[in-house]
2 protein chains.
Amino acid sequence: MSQMLGIDLGGTNMSFGIVDAKGKVLTRSKIPTLTVQGPKSVIRRMGDEALRLLKSSGIAKSVKAVGIGSPGPLSAQKGLVFSTPNLPGWRKVPIAALIHRRLRLPVYLENDANCAALGEASYGAGKGFQNVVVLTLGTGVGGGLIINGELFSGPDTTGGELGHFSINPDGPACGCGQKGCIEQYASATAIARRARELVSKARKGPLWKLCGGDPRAISSRMVHQALLKRDPLARQVWAETGRALGTAVAGYINVFNPDRVILFGGVMQGGKELLAMTRRFGKAGAFPQPAKRAKILSAKLGDDAGLIGAAEMARRSLAVGHAI
Amino acid sequence: MSQMLGIDLGGTNMSFGIVDAKGKVLTRSKIPTLTVQGPKSVIRRMGDEALRLLKSSGIAKSVKAVGIGSPGPLSAQKGLVFSTPNLPGWRKVPIAALIHRRLRLPVYLENDANCAALGEASYGAGKGFQNVVVLTLGTGVGGGLIINGELFSGPDTTGGELGHFSINPDGPACGCGQKGCIEQYASATAIARRARELVSKARKGPLWKLCGGDPRAISSRMVHQALLKRDPLARQVWAETGRALGTAVAGYINVFNPDRVILFGGVMQGGKELLAMTRRFGKAGAFPQPAKRAKILSAKLGDDAGLIGAAEMARRSLAVGHAI
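Residues numbered from 1 in each chain as written. Chains lettered and ligands numbered in written order. Predicted model: local features only at pLDDT ≥ 70, side-chain atom pairs only at ≥ 80, totals over all residues. Heavy atoms only, no water.

A. Representation of the overall build of chain A within the structure. The helix and strand tally for chain A stands at 11 helices and 12 strands. Computed over its C-alpha atoms, the radius of gyration of chain A comes to 20 Å, within 12% of the 20 Å expected for a compact globule of 324 residues. If one aligns the C-alpha atoms of chain A with their principal axes, the spans along those axes are about 60 × 45 × 35 Å. The burial tally for chain A puts 59% of its 324 residues in the buried class. Carbon and sulfur atoms make up 53% of the accessible area of chain A, which amounts to about 13300 Å² in all. (Helix = DSSP H or I, 4+ residues; strand = E, 2+ residues; numbered from the N terminus. Rg over C-alpha atoms; globule rule 2.2 N^0.38 Å. Buried < 20%, exposed > 50% of the residue type's maximum accessible area, 1.4 Å probe, protein only. Areas by Shrake-Rupley, 256 points an atom, 1.4 Å probe, with all protein chains shown as cover.)

In structure tokens:
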């Protein structure tokens, strides 16, 4: 059986894993990205670590291709990473070609959120289904689309930016230039910001205590802790987030008629409450027929989704004969 | 060369056309639907007219399949039309099987908005492109998606409901149960309603004169006439519509990374102004890379899109060997 090497390139760490045809990570490692050292150094160390892992695994010969998930914008077709806020100093870096030169294996590049979505759809909460929408709720809100069984990322690898649909043209300004994007309601950043606004006025309650009277210290995780302590402000923030996320999910159910909608990312560690509210608003908002089909679930693979998805992407690209 | 018979089933008329492999309508006809007579009568007359057209065309033998575009909800897979507001009295009507029995040809069914989208994408403003988003602005707002060159309508044939994404959860109530759907801003119905609200207060100006002092008489077309007479209220309605439509288009550009976004339907007959505003807001709102790729255009095929798209859908279904 052939294996794939998956690499998940993040702003903080790079993760490596040799993944089998069932989405199982056979062996893995993780090193700091050290983005300050610039792209040359990052790619050299990526190559070093990949070679080391392959060698130590004892199954290097059965590894047939490499998949890299990277922050975008990037071109999957050209194997290039354009300039990205998460990787300072990168400008049209031909990462696929550079890693190919080191490893002498076919190398495929894809957006990191798309890789995570493909991982979840293939081996996680979307396993066995053809049409899967994945919303990634972290510092920002991203996503990925599996349509008729295939990852869809569009001709510029920018498709699936599910967090940048405005659900309120008079809402908070978004980094993307629009107002009221889904990201402005359902990201960890937005949850913390909204809680800060409310607690700065109230100046009391569990959240006020948790942050030690300093609203700047509030994180989305802290808002969830306050929710569990029945803080009414936290409850309000959570309700607003659930409603916004439900609105988005209802819209995507109407647009995609998916089998599964998967909620992924750090914000979802903040619990069952958000999932329950999103389900309620999402199901109620969508048309009855697609609402009946679409199950709204939390992701299953956790941090491994990106790695497993990058490997799966390489496996599929190799099968259809894409080349770099 | 093989031809296809396209049928566009509407609430008012049924249109028939024999369409060649280049999307050209070789011969056509149109009869009233007379929905009050119920599904049996409609389908009998549909069969009669199809047979008559085939016979009179002199090329009946080269017609290899039939495509029917119908109002939904429906199941393309099962060839069934469920109950629909546009066809009163219809309940799980096996239209594909019934027409097959009359015509002895393979019959394929698809949602009417999806057919129109496929027609425009294949032979109209989206010709030659692989990723096309079509927004249909009429009494309601519908749409269709061409992804990697193929019509995507999802497992329940409900995908592509692009008008029912909420862009304002506190906006006007929508027939679908949500609030602030795109349909509540960009449909002919919404445009007329908003103009009625404004003119009922102002009670003067070109639009007030055009409607003879009776706001109930206002149509979206009349609002456009008032716009051309520089009515400030009409200008406000048009600006609000353009902004909402631009917001939606920006969102869909981010989600789909399309080559073309096509605006289709009665509302677009109300002019260049709306297209210009939608372009401005749509391009400004989307991410730079996909915004650069996506051209925002008016539809080209007019009323023929549904017919041509139904025929194209049949051609493609026949080619991949779907059967009814």
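Next comes the rest of the write-up.
B. Highlighting the relation of the copies chain B and chain A. Each copy of the sequence occupies a distinct position, and chain B is placed on chain A by a rotation of 180 degrees and an axial shift of 0.0 Å, giving an RMSD of 0.0 Å. The superposition operator between the copies reduces to a two-fold rotation axis. Taking C-alpha positions as the reference, the residue of chain B nearest the rotation axis is Ile167 of chain B, at 2.0 Å. (Least-squares fit on C-alpha atoms with pLDDT ≥ 70 in both.)

C. Main features of the sheet that holds strand 12 (residues 295-298) of chain B. Residues and elements named next belong to chain B. Here five strands make up an open sheet; going across it, the order is 10-9-8-11-12 and the pairing mixed. Because the sheet does not close on itself, it has two edges, and the strands there are strand 10 (150-152) and strand 12. Strand-to-strand, the axes of this sheet are offset by a mean angle of 25 degrees, without reference to chain direction. Sheet strands in contact with helix 3 (residues 112-123) are strand 8 (132-137), strand 9 (141-147), strand 10 and strand 11 (260-264), and its direction is about 50 degrees off that of strand 9. Packing against the sheet, helix 9 (residues 272-285) makes contact with strand 11 and strand 12, and its axis sits at approximately 160 degrees to strand 12. (Pairing = 2+ DSSP bridges. Axes fitted to C-alpha atoms, helices over the stretch in contact; angles between N-to-C directions. Contact = heavy atoms within 4.5 Å.)

D. Region of the structure containing helix 3 (residues 112-123) of chain A. Residues and elements named next belong to chain A. If you check helix 3, its first and last C-alpha atoms are 16 Å apart, about what 12 residues at 1.5 Å a residue would give, namely 16 Å. When helix 3 is considered as a whole, its buried residues turn out to be Ala113, Asn114, Cys115, Ala116, Ala117, Leu118, Gly119, Glu120, Ala121, Ser122 and Tyr123. Put simply, Asn111 is the residue that caps the front of helix 3, since its side-chain oxygen is 2.8 Å from the backbone nitrogen of Ala113. (Expected span 1.5 Å × (residues − 1). Polar contact = N/O pair within 3.5 Å; in protein donor to acceptor, adjacent residues only side chain to side chain.)

E. Local environment of the interface of chain B and chain A. Between chain B and chain A, the residue contacts involve 43 residues of the former and 43 residues of the latter. For the pairing of chain B and chain A, the buried interface totals around 3600 Å² over both sides, and the portion due to carbon and sulfur atoms is 57%. Interface area lost by chain B to chain A is led by Phe165, Val255 and Gln289 of chain B, which between them contribute 18%. At the surface where chain B touches chain A, the tally comes to four salt bridges. Here Arg293 of chain A makes a salt bridge to Asp156 of chain B, at a shortest N to O gap of 2.7 Å. (Buried area = accessible area lost by both parts, 1.4 Å probe. Salt bridge = Lys/Arg side-chain N within 4 Å of Asp/Glu carboxyl O.)

F. Inspection of the pattern of salt bridges at higher detail. Residues and elements named next belong to chain A. Under the counting rule described, the total for this entry stands at 24 salt bridges over all chains. Arg194 serves as the salt-bridge partner of Glu240, at 2.6 Å between the closest nitrogen and oxygen. Residue Glu240 is found in helix 8 (residues 232-256), and its partner Arg194 is found in helix 5 (residues 188-202); the two are separated by 46 residues along the sequence. Of the residues examined, Arg194 reaches a relative accessible area of 25% and is grouped as partly exposed.

G. Representation of the pairing of strand 8 of chain B. Residue and element names in this part refer to chain B. Counting buried residues in strand 8 gives six out of six residues, a clear majority hidden from the surface. The side-chain alternation of strand 8 yields two buried faces, one formed by Val132, Val134 and Thr136 and the other by Val133, Leu135 and Leu137. Following strand 8, the chain reverses through three residues before pairing antiparallel with strand 9. Where strand 8 and strand 11 come together, five bridges link them in parallel fashion. Paired with Val132 across the strands is Arg260, a residue of strand 11.

H. Inspection of the side chain of Ser70 of chain B at higher detail. Residue and element names in this part refer to chain B. One can find Ser70 in strand 4 (residues 63-70). On the basis of relative accessible area, Ser70 is assigned to the buried category, the value being 0%. Setting aside its immediate chain neighbours within four residues, Ser70 contacts Leu9, Val81, Leu87, Leu109, Glu110, Asn111 and Asp112.

I. A look at the environment of Tyr108 of chain A. Tracing the backbone through its elements, the reader meets Tyr108 of chain A in strand 7 (residues 107-111). Spatially, the C-alpha atoms of Tyr108 of chain A and Ala310 of chain A are 8.4 Å apart, while their sequence positions differ by 202 residues.

J. Here's a closer look at the packing of aromatic side chains. Applying the stated criterion to the full structure yields six aromatic pairs over all chains. On the numbers, 4.9 Å between centres and 75 degrees between planes, the contact of Phe165 of chain A with Tyr252 of chain B is edge-to-face. Separated into two different chains, Phe165 of chain A in the loop between strand 10 (150-152) and helix 4 (183-186) and Tyr252 of chain B in helix 8 (residues 232-256) make up a pair that spans both. Assessed through its relative accessible area of 1%, Tyr252 of chain B is described here as buried. An aromatic cluster of at least three residues, connected via ring pairs, comprises Phe165, Tyr252 and Phe256 of chain A together with Phe165, Tyr252 and Phe256 of chain B. Lying over the aromatic face of Phe129 of chain A, Arg260 of chain A brings its terminal NZ or CZ to 3.8 Å of the ring centre. Lying across the ring of Phe281 of chain B, Arg280 of chain B places its NZ or CZ 5.2 Å from the centre. (Phe/Tyr/Trp six-rings, centres within 6.5 Å; stacked < 30°, edge-to-face > 60°. Lys NZ or Arg CZ within 6 Å of the ring centre and 35° of its normal.)

K. Spatial organisation of the environment of Pro85 of chain A. Counting through the fold element by element, Pro85 of chain A comes out in the loop between strand 6 (80-81) and helix 2 (95-103). Counting along the chain gives 13 residues from Pro85 of chain A to Gly72 of chain A, while the straight-line C-alpha distance between them is 8.8 Å.

L. Structural context of the nonpolar core. Among the nonpolar cores identified, the biggest contains 100 residues, and Tyr252 and Phe256 of chain A together with Tyr252 and Phe256 of chain B are the most heavily contacted of them. Discounting chain neighbours no more than four positions away, the residues touching Tyr252 of chain B are Phe165 and Val255 of chain A together with Val133, Leu135, Leu162, Phe165, Ile182, Asn257 and Pro258 of chain B. (Core = buried A, V, L, I, M, F, W, Y, C linked by side-chain atoms within 4.5 Å.)

M. Examining the sheet that holds strand 1 (residues 3-9) of chain A more closely. Residues and elements named next belong to chain A. An order of 3-2-1-4-7 is seen for the five strands of this open sheet, with the pairing classed as mixed. The open sheet terminates on both sides in strands that have one partner only, identified here as strand 3 (25-32) and strand 7. Adjacent strand axes in the sheet meet at a mean angle of 20 degrees when their direction is disregarded. Where strand 1 meets strand 2 (residues 13-19), six bridges bridge the pair, whose relative direction is antiparallel. Following the sheet pairing, Met4 is matched in strand 2 by Val19. Lying on the sheet, helix 1 (residues 38-57) is in contact with strand 1, strand 2, strand 3 and strand 4 (63-70); it crosses strand 2 at an angle near 30 degrees. The sheet strands contacting helix 11 (residues 304-319) are strand 1, strand 2, strand 3, strand 4 and strand 7, and the helix crosses strand 1 at an angle near 130 degrees.

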